[in-house]
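Secondary and tertiary structure notes
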Amino acid sequence: MNAEAEPRVFATTRWSLVLTGANSDGDQQKAAEALAELCRTYWRPIFSYVCRRGYSNEDAQDLTQDFFLMVLETNWLRQADQGRGRFRSLLLKSLQNFLNNVADRNRTLRRGGSVQFVSWDAWMAEAPSISDRVLDSLAPERLFDLRWAATVVEQALRRLREECEGKGRLRLFEALRDHLTAEHADISYADLAAGLGVAETVVKKQLHNLRQRYRWLLREEVAHTVENPADVDDEIRHLCATLAVAA
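Residues numbered from 1 in each chain as written. Predicted model: local features only at pLDDT ≥ 70, side-chain atom pairs only at ≥ 80, totals over all residues. Heavy atoms only, no water.

A separate point is the pattern of salt bridges. Under the defined criterion, the tally for this structure stands at 13 salt bridges. Linking R86 and E235 is a salt bridge whose minimum nitrogen-to-oxygen distance equals 2.9 Å. Placement of R86 in the loop between α5 (76–79) and α6 (87–105) and of E235 in helix α13 (residues 232–244) is noted, with a sequence separation of 149 residues between them. Classification of E235 as buried rests on a relative accessible area of 1%. (Salt bridge = Lys/Arg side-chain N within 4 Å of Asp/Glu carboxyl O. Helix = DSSP H or I, 4+ residues; strand = E, 2+ residues; numbered from the N terminus. Buried < 20%, exposed > 50% of the residue type's maximum accessible area, 1.4 Å probe, protein only.)

Under the counting rule described, the total for this entry stands at seven aromatic pairs. Ring plane angle 25° and centroid distance 6.0 Å describe the contact between F144 and W148, whose orientation is recorded as stacked. Residue F144 and its partner W148 are both found in helix α9 (residues 140–166); the two are separated by four residues, about one turn of the helix. Assigned by exposure class, F144 and W148 land together as buried. Three or more aromatic residues link up through ring pairs in this structure, and these residues are Y42, Y49, F87, F144 and W148. (Phe/Tyr/Trp six-rings, centres within 6.5 Å; stacked < 30°, edge-to-face > 60°.)

Once that is clear, we can look at the side chain of R147. Within the secondary structure layout, R147 lies in helix α9. One buried charged residue, R147, remains without a salt bridge, the closest side chain of opposite sign being E154 at 6.1 Å. Polar contacts involving the side chain of R147 include one to the side chain of S48, which spans 3.3 Å. (Lys, Arg positive; Asp, Glu negative; His and termini not counted. Polar contact = N/O pair within 3.5 Å; in protein donor to acceptor, adjacent residues only side chain to side chain.)

Here F68 is to be found in helix α4 (residues 57–73). Classification of F68 by relative accessible area gives buried; the value is 1%. The spacing of F68 and I46 is 22 residues in sequence and 9.5 Å in space, taken between C-alpha atoms.

It is worth spelling out the packing of helix α12 (residues 200–223) against α13 at this point. Between α12 and α13, the least distance of the axes is 10 Å, while the angle of their chain directions is 110°. Taken together, the axes of α12 and α13 are roughly perpendicular relative to one another. Contacts from R219, V222 and A223 in α12 reach V232, D233, E235, I236 and L239 in α13. When grouped by side-chain class, the residues that make up the contact of α12 with α13 number five nonpolar, no polar and three charged. (Axes fitted to C-alpha atoms, helices over the stretch in contact; angles between N-to-C directions. Parallel < 35°, antiparallel > 145°, perpendicular 65-115°, else oblique. Contact = heavy atoms within 4.5 Å. Nonpolar A, V, L, I, M, F, W, Y, C, P; charged D, E, K, R; others polar.)

Here we take up the environment of W216. Mapped onto the elements of the fold, W216 is located in helix α12. C-alpha separation for the pair W216 and L160, spaced 56 residues apart in sequence, amounts to 10.0 Å.

Quick look at the confidence of the model for the protein chain now. Averaged over every residue, the pLDDT of the protein chain is 79; residues scoring 70 or more account for 70%. Across the protein chain, the secondary-structure element scoring lowest on mean pLDDT is helix α7 (residues 120–125), at 58, and the one scoring highest is helix α10 (residues 170–176), at 95. (pLDDT = per-residue confidence, 0-100.)

This part is about the environment of E163. Relative to the helices and strands, E163 resides in helix α9. Sequence separation between E163 and F173 is 10 residues, and the spatial gap between their C-alpha atoms is 9.6 Å.

Contact geometry of helix α2 (residues 28–41) with α4 gives a least axis separation of 10 Å together with a crossing angle of 160°. Here α4 runs roughly antiparallel to α2, going by the angle between their axes. Between α2 and α4 the crossing geometry is right-handed. Here A32, L35, A36 and C39 of α2 come into contact with α4, specifically with F68, V71 and L72. Per-class residue counts for the contact of α2 with α4 are seven nonpolar, no polar and no charged. (Left-handed = near helix turned anticlockwise from the far one by under 90°.)

Right under this line is the structure:
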């Protein structure tokens, strides 16, 4: 699993398609599909933020879905700030405006709307990957960023797992996944080698390759959410700093 070259995905990223769709000459159908995909992927930060703003879980579910419906069914992108460049920042600002207007518009929540982005039962049943102590200490905006960063990492790990499974290396992935980001951690290559039934040199090589591939996939996931390639490194640094809070 050798690492591939630097991602060159900016011409056709989901975010690029979404931005193109904001223009009258863009492919509206592709832009809508791309935006829907991004929404389905990054709904957790939205839901977490709404909850932290004081809404019950049930109301937060409805508001999250209503927010996405607003995004998909209106000319939201054309009204967005021209300084947009990061999907994360654009969504958060739009969500803040949306919630600020909820009371003023005296809206009626539409339970079970026409679009279902996530399985709420599955989400509620998931074991939290971030401690309650950390979650309870964060302001809504920081919680949003933390959930966003965790989602980006989960997406990269999911893709790496699928690649390994497709190549018959799922057991290798499961054994090494906890060491993908621990470059300088105290790793017992002997124990890993014994568990996998291979030589230590093989474990070291495979872990190196998996780390390289994981970083590539993580970078590509971030690239999908920024407009300018020059923003990728800054966004990755921001996400890493955000995740450090939960370490």
